[in-house]
There are 2 protein chains.
Amino acid sequence: MEKEITIYDIAKLLNLSPATVSRALNDHPAINSNTKSVIAAKAKEMGYRSNTFASNLRRQRTDTIGVIVPRLNSHFMSTVLAGMEKVVNKSSYNLIISQSLESVKKEIANAKTMFNSRVDGLLVSVAYDTDNTDHFDAFVKRGIPLLFFDRVLEHKQGTSIIIDNTKAGYEAVSHLIEQGCRRILYITGNLKRNVYADRLKGYRLALLEHGLPYLDELVMVTDLSQEAGIEAARLIQRMDKKPDGLFIANDLCAVSCMSALRKNGFSIPDDIAVVGFNNDPVSVVIEPNLTTIDYPGEKMGEIAAQSLINHLNGSLDIQNTNTIILHSELLIRQSSVKKGAN
Amino acid sequence: MEKEITIYDIAKLLNLSPATVSRALNDHPAINSNTKSVIAAKAKEMGYRSNTFASNLRRQRTDTIGVIVPRLNSHFMSTVLAGMEKVVNKSSYNLIISQSLESVKKEIANAKTMFNSRVDGLLVSVAYDTDNTDHFDAFVKRGIPLLFFDRVLEHKQGTSIIIDNTKAGYEAVSHLIEQGCRRILYITGNLKRNVYADRLKGYRLALLEHGLPYLDELVMVTDLSQEAGIEAARLIQRMDKKPDGLFIANDLCAVSCMSALRKNGFSIPDDIAVVGFNNDPVSVVIEPNLTTIDYPGEKMGEIAAQSLINHLNGSLDIQNTNTIILHSELLIRQSSVKKGAN
DNA sequence: TTTACTATTGCAATCGATTGCATGAATTTT
DNA sequence: AAAATTCATGCAATCGATTGCAATAGTAAA
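Here is what the cut-offs are and how they apply
- Residues numbered from 1 in each chain as written.
- Chains lettered and ligands numbered in written order.
- Predicted model: local features only at pLDDT ≥ 70, side-chain atom pairs only at ≥ 80, totals over all residues.
- Heavy atoms only, no water.
- Near = heavy atom within 4 Å.
- Polar contact = N/O pair within 3.5 Å; in protein donor to acceptor, adjacent residues only side chain to side chain.
- Helix = DSSP H or I, 4+ residues; strand = E, 2+ residues; numbered from the N terminus.
- Nonpolar A, V, L, I, M, F, W, Y, C, P; charged D, E, K, R; others polar.
- Pairing = 2+ DSSP bridges.
- Axes fitted to C-alpha atoms, helices over the stretch in contact; angles between N-to-C directions.
- Least-squares fit on C-alpha atoms with pLDDT ≥ 70 in both.
- Contact = heavy atoms within 4.5 Å.
- Buried < 20%, exposed > 50% of the residue type's maximum accessible area, 1.4 Å probe, protein only.
- Buried area = accessible area lost by both parts, 1.4 Å probe.
- Salt bridge = Lys/Arg side-chain N within 4 Å of Asp/Glu carboxyl O.

- An unreviewed UniProt entry lists chain A under the name LacI family transcriptional regulator, from Spirosoma terrae.

In structure tokens form, the structure reads like this:
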């Protein structure tokens, strides 16, 4: 087991002071470039690695950004994370990732951990049932920048990065209506979450614009899991007046619902047309392929991370830039295109 | 912006020494329990949070465990991570997660980062093209315990946590043979990886045992992506002697291959029976539902983390426990059950 | 009453890197 | 040649928590 090398070891060997070694290793302009290269060479030779703790302790910062997401195992989320990592690495920051598993309780615990590990900034997409922002207050108080993405909270200063869910919902539902649907069921997640509430707004808007009535019974709140999709199919089966269109706020759920419906003898898109959300890879696995909303995950990650870093570097004030809206797009596939339409 | 509270602030206010405060907060037995509660109360009141860096610097450990995985966005991986988190939280360790995106280059970078952040231990599932373990040598040299799971490397001391891929492959292929398949195509990932190589062994074993010939042309090496599944379907289409069974080492790939095959007019399972691997949720979305190998992800995560922690606590020597094998299981669904068989 | 413990608490050094403020040498300006 | 700059480096304090080694008070044993 080898001994850990410090700047003192290097300094002693080169007859220099630790201060000089430290400055050299940080490429400080006051240090002679010859000295720098000598020190760099020696450091490498001795297998020196900087002690982050000493450094962090002294500098009062960690170069670390925390990320709290509901779940890791969605195509969307891991794309977002990839985008964040890309940006963050370039600026030599680090990422600490944790998942709330859709529970506020765990989210609170995660926030506390992040706080205690003194992240320089925090990127959050909130859980299913997060109600208030109390657990983030500590960050605000200490001036640690906080940025929400995708699933954002209402009464927050600080920046949010989102897509225009209202518009996306509007487009999805308009498309269904254009395909001849007249009774469109919206299967959604918790309406506390902006993403689902806004899509509902879009849904209502589309109905309104096309002169269709809005009916409470055609909005079904679920947890958008695969089981929820199956359960939804069961409920549809039992409905007196069956829907002829489905707008489901998550592809995975949509897909399991579709497959359950087909087992029950429904034909898609002819009996029921379906539009999902997220453009998950599974959407092109299912037959018929699922019409869905494509969602720029990687870019969202990049922009979120970049905004935070810019703020940390002082080149952008997050407080002033309030909301960044990214572009999303309806991808029309077979699941929603009725033969007779157009 | 509030000032950060330290043990010195608490000490001063209570007319005690910082040493006492530190001991009290760490529940040291030498401290009077009244004193302890007074200090605890004051700390809470003042909003004290321990400075991890100072602590880590002094104690020369971080209570942090690093995890490097190929990708986050698989059902399997996020289940593993959930298992790890569970265990790790219970022992008040933290997790740093990073993904190699299947590239050695990134894996090397990740390892370096982990090393520099001085993780107390490292859990790794290697990338597609990782050849050697040089980038982990630094850990071994410094005595930092290293544990591989699922995708493990050969010439390593230290523990590995795996399933018996040979047995799983054997069972999958035996099942296909029992269903009447005689030409079984194995679609695999890089054979450098134990998981894929071992499944191949099982494949060969099953053929051998049932008196079927092993043919090189019936092993197709791909990257197991969705595109690879489609490409595989195209190749099958072009084969003179078509296979009547498919064993595909990954559900997502299997599923896209199936759906491409069906588009080309193949009937599943009658023309071609299919078995996948991982029991990904998508396996019950596809029609017909995919027969697959169920893989205890959460448990794998738990055991991996627990073994590492036990080692760190000195209650288990990782060097001696060399390989832990978990139980896996063949889940038979419609994609592989031929009507005529049995 | 003296000695021996035990229970609590404090002192002060330590972990390794950073940085404001000198210091001394070399170079330029007047 | 003296004064003013510039360049390169060192000194020493600092970040906050931990811990070996006292020190003190209180209690029990002799």
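On we go from here.
## Description of the protein's contact with DNA strand D
Point 1. Within the structure, DNA strand D sits among 27 residues, and Thr20(A), Ile7(B), Arg23(B), Tyr48(B) and Arg58(B) are positioned closest to it.
Point 2. Sugar plus phosphate, as a fraction of atoms of DNA strand D within 4 Å of the protein: 58%.
Point 3. At 2.3 Å from a phosphate oxygen of DNA strand D is found a side-chain nitrogen or oxygen belonging to Thr20(A).
Point 4. In this structure, a phosphate oxygen belonging to DNA strand D sits 2.9 Å away from a side-chain N or O atom of Asn26(B).
Point 5. Those elements giving two or more residues to the surface near DNA strand D turn out to be α2 (18-25) and α4 (52-59) of chain A together with α1 (7-14), α2 (18-25) and α4 (52-59) of chain B.
Point 6. Broken down by element, the surface near DNA strand D gets its largest block of residues, 4 residues, from α4(B).
Point 7. For the surface near DNA strand D, the residue count by class is 10 nonpolar, 12 polar and 5 charged.

## Here's the deal with the sheet that holds strand β2 (residues 94-99) of chain A
Residues and elements named next belong to chain A.
Point 1. Strand order in this open sheet of 6 strands is β2-β1-β3-β4-β5-β11, and the pairing throughout is parallel. Edge strands, defined here as strands with exactly one partner in the open sheet, are β2 and β11 (323-326). Between one strand axis and the next, the sheet turns through 20 degrees on average, direction left out of account.
Point 2. Of the pairings in the sheet, the one linking strand β5 (residues 160-163) to β11 comprises 4 bridges and is parallel in character. Bridging from a neighbouring strand, Ile161 pairs with Ile324 of β11.

## Section: the relation of the copies chain A and chain B
Point 1. Mapping chain A onto chain B calls for a screw motion: a turn of 180 degrees about the axis and a shift of 0.1 Å along it, with 0.1 Å RMSD after fitting. In short, the pair behaves as if placed about a two-fold rotation axis.
Point 2. In this assembly the copies share their binding face: 100% of the residues contributing to the interface of chain A also contribute to that of chain B.

## Re the protein's contact with DNA strand C
Point 1. Around DNA strand C, the structure places 27 residues, and the nearest of them are Ile7(A), Arg23(A), Tyr48(A), Arg58(A) and Thr20(B).
Point 2. The sugar-phosphate portion of DNA strand C accounts for 59% of its atoms within 4 Å of the protein, the bases making up the rest.
Point 3. Residue Ala54(A) places a main-chain N or O atom 3.2 Å away from a base nitrogen belonging to DNA strand C.
Point 4. The biggest single contributor to the surface near DNA strand C is α4(A), with 4 residues.
Point 5. Its residues assigned to classes, the surface near DNA strand C comprises 10 nonpolar, 12 polar and 5 charged.

## A word on unusual backbone geometry
Residues and elements named next belong to chain A.
Point 1. The omega torsion of the bond from Ile268 to Pro269 falls at 10 degrees, within 30 degrees of zero and hence cis.
Point 2. In this structure, Pro288 follows Glu287 across a cis peptide bond, with omega equal to -5 degrees.
Point 3. Residue position: Pro288 is located in the loop between β9 (273-275) and β10 (292-294).
Point 4. The phi torsion at Asp27 lies on the positive side, around 55 degrees, for a residue other than glycine.
Point 5. A relative accessible area of 55% means that Asp27 is categorised as exposed.

## Side note on the sheet that holds strand β9 (residues 273-275) of chain B
All names here are of chain B.
Point 1. If you trace the 4 strands from one edge of the open sheet to the other, you get β7-β6-β8-β9, paired in parallel fashion. Whereas interior strands pair on both sides, the edge strands pair on one side only; in this sheet they are β7 (219-221) and β9. Each strand axis lies, on average, 15 degrees off the axis of its neighbour in the sheet, ignoring direction.
Point 2. Across 3 bridges, strand β8 (residues 245-248) lies against β9 in parallel orientation. Paired with Gly245 across the two strands is Ala273, which belongs to β9.

## Considerations on the interface of chain A and chain B
Point 1. Chain A puts 50 residues into the contact, and the matching count from chain B is 50 residues.
Point 2. Summed over both sides, the interface between chain A and chain B buries roughly 4,500 Å², with carbon and sulfur atoms accounting for 51% of that surface.
Point 3. Broken down residue by residue, the surface that chain A buries against chain B is led by Arg49(A), Phe53(A) and Arg142(A), which jointly contribute 19%.
Point 4. Taken together, the connections running from chain A to chain B amount to 8 salt bridges.
Point 5. Residue Glu4(B) pairs with Arg142(A) through a salt bridge whose shortest N-O separation is 3.2 Å.
Point 6. At the boundary of chain A and chain B, one finds 12 residue pairs in polar contact (both at pLDDT 80 or more).
Point 7. Contributions of two or more residues to the side of chain A that touches chain B are made by α4, α5 (75-90), β2, α6 (104-116) and α11 (251-263) of chain A.
Point 8. Within the side of chain A that touches chain B, the residues separate by chemical class into 17 nonpolar, 22 polar and 11 charged.

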